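A structural walkthrough
These are the residues of each chain, in order.
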Amino acid sequence: MAKKKQSQIDFEEQKKLSSWCYQKFKDAMLAKQQTTEDWFKYLNAYNNDLYTNNSVPDYKSNYCNNLIYSTIESMRPIVFDGNPKFECVPATAEALQYSKDIDTALDYEWHRTKMREKLISNSIYTFVLGTSVIMLPYVYSDNDEFDGNVCPVIVNPFNLYPDPLATSVEDAEYIIYATYEHENKLKKRYPEYADKIDGGDIKYEELVNSRNENARITNQILLLEVWCRDYTTIEYEEVDKNGEKTKKKKFKYPKGRVIICAPELELVFEDKENPYESGRFPFFIFKNTNVPFKFWGEGEVKYLLSPQQAVNDLSNQVIDNAKHTANMQWIIDKNAGIPKGELTNRPGLIIRKNPGAEVRRDSPPSMPMYVSEMITRNEQAIEVISGVHDITRGQTPTGIESASAIQALQEAANQRIRLKITLLEETLSDMGNEWLSRMKQFWKSNRVIPVEKPKTASMPVGERNMFEMQMAGSIEDTENTYDFVEIAKDKQLAQKYRVKVIGANSIQINKASMLDLMIRLAQTPAEDGMPMVTRECVLDYLPNVNKNIIMQYFSKLKEEQMQREQAQMLNNEAMAQLQEVTAVVQELQTKSQQKEQEEYEQQIKEQGYTEGMAYAQAIIQQQEQEGDLPPELLQELAAMSDEELQEIISRYPELLDKLSQ
């Protein structure tokens, strides 16, 4: 009995909550009604249905020169010409060493989810309606070994209903995402409610894609996903240091509340707190023109629709006039005797009529000159309003042939579009910060991010001709290897970062002119002797070139050159040391030889001195016996130096007497 009573209470609460959600949905739909009607009109103008779907008589022209379509399609390639990417800015000094790893992870996520493709397709609504929406949920999958992933989803602006007083997602009290879903999908997602889920017809046509009006679609259920602020408070007890308990209040849903319900069935499938730590509703609004204090942006069609209609009306009048001029009405008397349908525009036609009857063709009125002038003026008005001129479409203005003048005109023509790109970048930055917040919150285990590393990065010098052929496009480089970066929750993701977007705002129409300018700047030295721009800046303007492969190739060349220089430096140092050692050895050898020579000379000198002394003594003794000095002795004495002669005389003073004689 208690279980039944509790079940009845739950059902009453579900009924009350679903009724509240349904009422908020109707309030938001009523406030958005005029915007929705205008949006349908803008889409019809872009899709060329503004005139083709109108029923006109057969004799009236229904021509449409869709300048709105050509204007918007001229803007979109310019906006996405530069590939935007997330860049992580460290908020603390500790995060600096990990910012590159976070850049790698965000870049991988960008390509995994095909965000560029989503933005390009979604930009149609951005320009036409003025607003496009991307939802950023975190989706779990039973087969996902990484516990889910961030999965950006394109949301149709027709299906989003904000608080009527909201000016942005941040200050909205609630935002409702309304869709129709097949009953079988809901039964599979919520099997506990399978017996109560019963689909029906579509009541709100604006929530589904356009289709044939005669098509009957059943088994559909209106599903509301309500993201709202809830200021309900609950009481709780807090125990202080002394063990005393005090009652306090706090918000039951501090981050907001999420309610998923089927209001027509009075069922509430989910009622929970906002699962994201940031507390932000997961909707990101991309605006073409941001008007202050308005939730929705304004598109190009709103201001181009009036001149477009004038161009179509006047053009159809000109066509109708041309038809009438080529085939003017016949004026025939009843008694002319010409059967009905006999008069045609066939050349050489012979007309037989009764005498006295009149058969003539009225003269066509001339088309006023102001009609063609007004068509030209309205076409020019479309260019002025949108900011898309002939130069924006790549058409060279008449009388201008200078490349620098054309480039200056192109840059000036892109000023209006640059404002739109700035809005795109700001919204992408907000999305990048929220994306990183999802990774920090939900990535429970470390993830390994693959980073493509071309085989040419480790290519030997002898194989570089093959690489040059690959760069030239003659063969395809299909053999790539990968490096891996591990993103740890307690390492890289534990730091604080701010995410910004780079790359999208560097648009240039004439890349050939910019490439020429970059080449000239690369050849121009600055005050320090270095080029004005780096090689990487030049590569940014090369078409269809993998810049990373080329930069890795030149990095490899630089590393090899540095290795050769280091090896040469080591060889030079070794040679210098060898020369020093050789010089020292030679010096030692020279000194040793000089010492040996001196010792030898001293030995010879001492030996000669001894022999000379002995010989002189013998001669003196002989002289004492004979009385005269022999000629040989005199020759020996004459050959002696002064020191040697002085030494001999000091020892034999009697020799001086003999010499003086």
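Below is a short write-up of the structure. The residue numbers shown here count from 1 along each chain, following its written sequence. Whole-chain, interface and lining totals are the exception, using all residues; otherwise, since this is a predicted model, local features are given only for residues with pLDDT of at least 70 and side-chain atom pairs are given and counted only at 80 or more. Excluding hydrogens and water, the side-chain figures rest on all heavy atoms present in the structure.

**Thoughts on the overall build of the protein**
Spelled out, the test is: Elements are defined by DSSP. Helices are runs of H or I of four residues or more, strands are runs of E of two residues or more, and each kind is numbered from the N terminus. The buried label applies to any residue whose accessible area, calculated with a 1.4 Å probe on protein chains only, is under 20% of its type's maximum; exposed applies above 50%, and partly exposed to all values in between. A contact between two residues is defined here by any heavy atoms of the two lying within 4.5 Å. The method behind every accessible area is Shrake-Rupley, applied with a 1.4 Å probe, and residues are considered shielded solely by the protein chains displayed.
Secondary structure assignment for the protein yields 18 helices and 18 strands. For the protein, buried positions account for 35% of its 661 residues. Within the protein, contacts between residues at least 6 apart in sequence are counted, and of these 69% link residues at least 24 apart. Total accessible area computed for the protein in this model is approximately 40,600 Å², and 50% of it derives from carbon and sulfur atoms.

**Some details on the pattern of salt bridges**
Pairing is possible between side chains that carry opposite charge, provided their charged atoms lie close to one another. Selection criterion: For salt bridges, the criterion is a side-chain nitrogen of Lys or Arg within 4 Å of an Asp or Glu carboxyl oxygen.
Under the criterion given, the structure shown has 14 salt bridges. Here R76 makes a salt bridge to E73, at a shortest N to O gap of 3.1 Å. With R76 and E73 both in helix α4 (residues 67-79) and 3 residues apart, this pair spans about one turn of that helix. What makes E73 partly exposed here is its relative accessible area of 22%. With its nearest N and O atoms 3.5 Å apart, the salt bridge here joins E87 to K500. In this pair, E87 is assigned in strand β1 (residues 85-90) and K500 in strand β18 (residues 497-502), connecting sequence segments 413 residues apart. Looking at E87, the relative accessible area reads 23%, which means it is partly exposed. Connected through salt bridges with shared partners, the residues D230, R257 and D271 form a single ionic network.

**Concerning a nonpolar patch on the surface**
Selection rule: Each patch is built from salt-bridge-free residues with over 30% relative accessible area, joining like charges within 9 Å and nonpolar side chains (Val, Leu, Ile, Met, Phe, Trp, Tyr) within 5 Å.
There is a patch of nonpolar side chains on the surface, built from V448, Y482 and F484 and spanning about 340 Å² of accessible area. Among the structural elements, V448 can be located in strand β16 (residues 447-454).

**Concerning the pairing of strand β13 (residues 283-287)**
Selection criterion: For two strands to count as paired, DSSP must find a minimum of two bridges between them.
Most of β13 is tucked away: 5 of the 5 residues are buried. Of the two faces of β13, the one carrying F283, I285 and K287 and the one carrying F284 and F286 are both buried. Inspection of the sheet shows strand β2 (residues 131-135) paired to β13 by 5 bridges, in the antiparallel sense. Looking at β13, one finds that M135 is bridged to F283.

**Looking at the sheet that holds strand β5 (residues 153-155)**
What counts here: Axis lines are fitted to C-alpha atoms, over the contacting stretch for helices. Their N-to-C directions set the angle, which ranges from 0 to 180 degrees.
Reading across the sheet, the 3 strands line up as β5-β2-β13 and stay open at both edges, with antiparallel pairing between neighbours. Because the sheet does not close on itself, it has two edges, and the strands there are β5 and β13. Across the sheet, the axes of successive neighbouring strands diverge by a mean angle of 30°, strand direction being ignored. In terms of strand pairing, β2 meets β5 through 3 bridges, oriented antiparallel. Each bridged residue has a counterpart across the sheet, and for M135 the counterpart in β5 is V153.

**Quick word on the environment of P307**
Relative to the assigned elements, P307 resides in helix α8 (residues 301-326). By relative accessible area, which is 9% here, P307 ends up buried. Between the C-alpha atoms of P307 and Q380, which are 73 residues apart in sequence, the distance is 9.3 Å. Beyond its immediate stretch of four places on either side in the chain, P307 contacts N378, I382 and I385.

**A look at the packing of α4 against helix α6 (residues 115-128)**
The line we're drawing: Each angle gets one of four labels, with under 35 degrees taken as roughly parallel, over 145 as roughly antiparallel, 65 to 115 as roughly perpendicular, and the rest as oblique. Helix crossings are classified by the rotation of the near helix relative to the far one: an anticlockwise turn of less than a right angle makes the crossing left-handed, while a clockwise turn makes it right-handed. For this classification, the nonpolar set comprises Ala, Val, Leu, Ile, Met, Phe, Trp, Tyr, Cys and Pro, the charged set comprises Asp, Glu, Lys and Arg, and every other residue, Gly included, is treated as polar.
For the pair α4 and α6, the least separation of the axes is 10 Å and the interaxial angle reads 130°. Taken as axis vectors, α4 and α6 run oblique relative to one another. The interaxial crossing formed by α4 with α6 has right-handed handedness. In this structure, α4 contributes I72, M75, R76 and V79 to the contact, and α6 contributes I120, S121, S123, I124, F127 and V128. Along the lines of polarity and charge, the residues of the contact of α4 with α6 split into 7 nonpolar, 2 polar and 1 charged.

**Some details on helix α9 (residues 369-386)**
To keep it simple, the criterion reads: Between the first and last residue of a helix there are one fewer steps than residues, each counted as 1.5 Å, and that sum is the expected span. Relevant arc is that of directions from the helix axis to the C-beta atoms, nothing else.
Over its 18 residues, α9 runs 26 Å from end to end, which matches the ideal 26 Å to within 8%, given 1.5 Å per residue. If you check which residues of α9 are buried, you get V371, I375, N378, I382 and S386. Seen along its axis, α9 keeps its buried residues to an arc of 65°; they face one direction. Those residues of α9 that are exposed and angled more than 90 degrees off the buried face are M369, Y370, R377 and V384.

**Here we look at the packing of helix α2 (residues 33-46) against α6**
As a packed pair, α2 and α6 sit with axes 10 Å apart at the nearest point and diverge in direction by 115°. Handedness of the α2/α6 crossing: right-handed. When α2 is examined against α6, the residues Y42, L43 and Y46 are found in contact with a partner set consisting of I124, Y125 and V128. Tallied by class, residues from the contact of α2 with α6 come to 6 nonpolar, no polar and no charged.

Just distances and angles here, no functional claims.
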